[in-house]
Amino acid sequence: MSEQSTDLRETVRRRYAAAAVKVTEGGTACCGPQPVEVDENFGSTLYAADERDALPAEAVAASLGCGNPTAVAELREGERVLDLGSGGGIDVLLSARRVGPAGKAYGLDMTEEMLALALANAAKAGAANVEFLKGTIEAIPLPAGTIDVVISNCVINLSTDKSAVFAETFRVLRPGGRIGVSDVVADDALSPEQRAERGDHVGCIAGALSFAEYRAGLEAAGFTNVEITPTHSVADGMHSAIVRATKPPTTTREATETAGVPADACCGVNSCCTPAETSTDPARTVAELKTASGCGCQG
């Protein structure tokens, strides 16, 4: 990582650490924590009142996003969800409610102060199906193919290596998995310099990708069905947007080759149900393998 990128990451970390401390200290005051709002385009007001009312006040107060990704990710019972840059945990807690006890919601954040706040919020909410992880969104500390849905709320624009974020997101998703992200996106006509004129990096403006750049980055990582839909303006030529994309399902050939089995093998039999079929196990006959596996082709 370059010195400039390291400096930017540290600036982002300090900003969000300070926000977490402000919320935590506000929670001990007589009137509770005050929202850490930037302006009307960011923060907890982008969530429905019934969602805010059902969560700990500290989780709501710490919200600094530009949307509500849980409202667009179409989460289902039993799914495993990962929130990139989970902050005080608002989207993790909302996700946990949607996926239910059979599912699980992970939050990933690099800031100790935010992680401490998120853990406290999860305890207050009584959420048993959540887990918070320390790390960066460019190097996600989860195994490949273990997540059904990745969400994020105005965090990817803060990364100085977005191609790594897209590649890591693709890696941890299971085949057929999807993303539902809220992020700031720039008009294609705006140069990086023009974006920087509209706001700084830590304010989610200068580091934003254009619509075309966002699409190209996701497709280069392997995603398909990319949709980027602007929702509201956050600066001149800059928009909060909903980003959706899918990791293609693994084909039968890919699955068998990954497992080290020839793509035309079935039930432990090469070239199954053809005149050329042979046993993959020298110690067992074709008939024995088919019977043991319950293979539908017994002929």
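Keep in mind that this is a model prediction, so the values were computed, not measured. (Residues numbered from 1 in each chain as written. Predicted model: local features only at pLDDT ≥ 70, side-chain atom pairs only at ≥ 80, totals over all residues. Heavy atoms only, no water.)

Student: Where do I start with the overall build of the protein in this structure?
Tutor: Along the backbone of the protein there are ten helices and ten strands. Look at the contacts in the protein between residues 6 or more apart in sequence, and 66% of them connect residues 24 or more apart. Counting only carbon and sulfur atoms, one obtains 54% of the accessible surface of the protein, whose full area is about 13400 Å². (Helix = DSSP H or I, 4+ residues; strand = E, 2+ residues; numbered from the N terminus. Contact = heavy atoms within 4.5 Å. Areas by Shrake-Rupley, 256 points an atom, 1.4 Å probe, with all protein chains shown as cover.)

Student: Whenever I open this one, the nonpolar core confuses me. Can you help?
Tutor: Most often, soluble globular proteins have nonpolar side chains that are buried together. By size, the foremost hydrophobic cluster in this structure holds 31 residues, and its most contacted members are Leu-82, Ile-179, Tyr-214, Leu-218 and Phe-223. Among the secondary structure elements, those contributing two or more residues to this core are β1 (80-84), β2 (104-109), β4 (147-153), α6 (162-172), β5 (173-186), α8 (211-221), β7 (224-235) and β8 (238-246). Ignoring sequence-local partners within four residues, the contact set of Leu-82 consists of Tyr-106, Leu-108, Ile-140, Leu-142, Ile-147, Val-149, Val-150, Ile-151 and Val-172. (Core = buried A, V, L, I, M, F, W, Y, C linked by side-chain atoms within 4.5 Å. Buried < 20%, exposed > 50% of the residue type's maximum accessible area, 1.4 Å probe, protein only.)

Student: Help me understand the side chain of Asp-109, please; the structure alone is not making it clear to me.
Tutor: Counting through the fold element by element, Asp-109 comes out in strand β2. Non-local contacts of Asp-109, meaning those with residues more than four positions away in its chain, are made with Gly-85, Ser-86, Gly-87, Met-114, Leu-115, Leu-133, Lys-134 and Gly-135.

Student: What exactly am I supposed to notice about the confidence of the model for the protein here?
Tutor: Caution applies to low-pLDDT parts of the model: their predicted coordinates are not meant to be read in detail. Mean pLDDT for the protein: 77, with 62% of residues reaching 70 or above. Of all helices and strands in the protein, the one with the weakest mean pLDDT is helix α9 (residues 252-258) (44), whereas α8 scores best (97). Predicted confidence for residues 27-36 stays below pLDDT 50, and this span has 18 contacts to residues more than four positions away or in other chains. Counting interchain partners and residues more than four positions distant, the pLDDT-below-50 stretch residues 251-265 has 13 contacts. (pLDDT = per-residue confidence, 0-100.)

Student: Teacher, can you tell me more about unusual backbone geometry here?
Tutor: Glycine aside, residues mostly have negative phi, and peptide bonds are mostly found in the trans state. Phi is positive for Cys-154, close to 60°, though the residue is something other than glycine. Its relative accessible area of 2% is what places Cys-154 among the buried residues. Positive phi values are uncommon outside glycine, yet Asn-225 reaches one of about 55°. Turning to its location among the elements, Asn-225 is positioned in strand β7.

Student: Would you take a moment to explain the packing of aromatic side chains for this structure?
Tutor: One pass over the full model with this rule turns up two aromatic pairs. Measuring from ring centre to ring centre gives 5.4 Å for Phe-166 and Tyr-214, while their planes differ by 45°; the resulting arrangement is tilted. Taken together, the residues span a long stretch of sequence, with Phe-166 in helix α6 and Tyr-214 in helix α8 at a distance of 48 residues. For the pair Phe-166 and Tyr-214, a shared accessibility class is recorded, and that class is buried. A ring pair is formed by Phe-170 and Phe-223, whose centres lie 5.2 Å apart and whose planes are at 90°; its orientation type is edge-to-face. Here the residue Phe-170 occupies a position in helix α6, and Phe-223 occupies one in the loop between α8 and β7, the gap between them amounting to 53 residues. Above the face of the Phe-170 ring, Lys-247 is positioned so that its terminal group lies 4.7 Å from the ring centre. (Phe/Tyr/Trp six-rings, centres within 6.5 Å; stacked < 30°, edge-to-face > 60°. Lys NZ or Arg CZ within 6 Å of the ring centre and 35° of its normal.)

Student: When you look at helix α5 (residues 112-125) in this model, what are you seeing that I'm missing?
Tutor: Every α-helical turn comprises 3.6 residues, leaving residues that sit three or four positions apart pointing alike. Taking 1.5 Å per residue, 14 residues should reach 20 Å; α5 reaches 20 Å between its end C-alpha atoms and fits that length. All of the buried residues along α5 are Met-114, Leu-115, Leu-117, Ala-118, Asn-121 and Ala-122. Along α5, the residues classed as buried sweep out an arc of 160° about the axis, all on the same side. Across from the buried face of α5, at angles greater than 90 degrees, the exposed residues are Leu-119, Ala-123 and Lys-124. After α5 finishes, the residue Gly-126 shows a positive phi value of roughly 70°. (Expected span 1.5 Å × (residues − 1). Arc of directions from axis to C-beta.)

Student: Is there a simple way to explain the pattern of salt bridges in this structure?
Tutor: When the charged atoms of two side chains lie near each other, side chains of opposite charge can form a pair. All told, the structure shown has nine salt bridges when counted by the stated rule. Residue Lys-104 pairs with Glu-131 through a salt bridge whose shortest N-O separation is 2.7 Å. Here Glu-131 lies in strand β3 (residues 130-134) and Lys-104 lies in strand β2, a separation of 27 residues in the sequence. Here Lys-104 falls in the partly exposed class, since its relative accessible area comes to 23%. With its nearest N and O atoms 2.7 Å apart, the salt bridge here joins Arg-171 to Glu-168. With Arg-171 and Glu-168 both in helix α6 and three residues apart, the pair spans about one turn of that helix. For Arg-171, a relative accessible area of 27% corresponds to the partly exposed category. Sharing partners across several salt bridges, the network here consists of Arg-76, Glu-79 and Arg-178. (Salt bridge = Lys/Arg side-chain N within 4 Å of Asp/Glu carboxyl O.)

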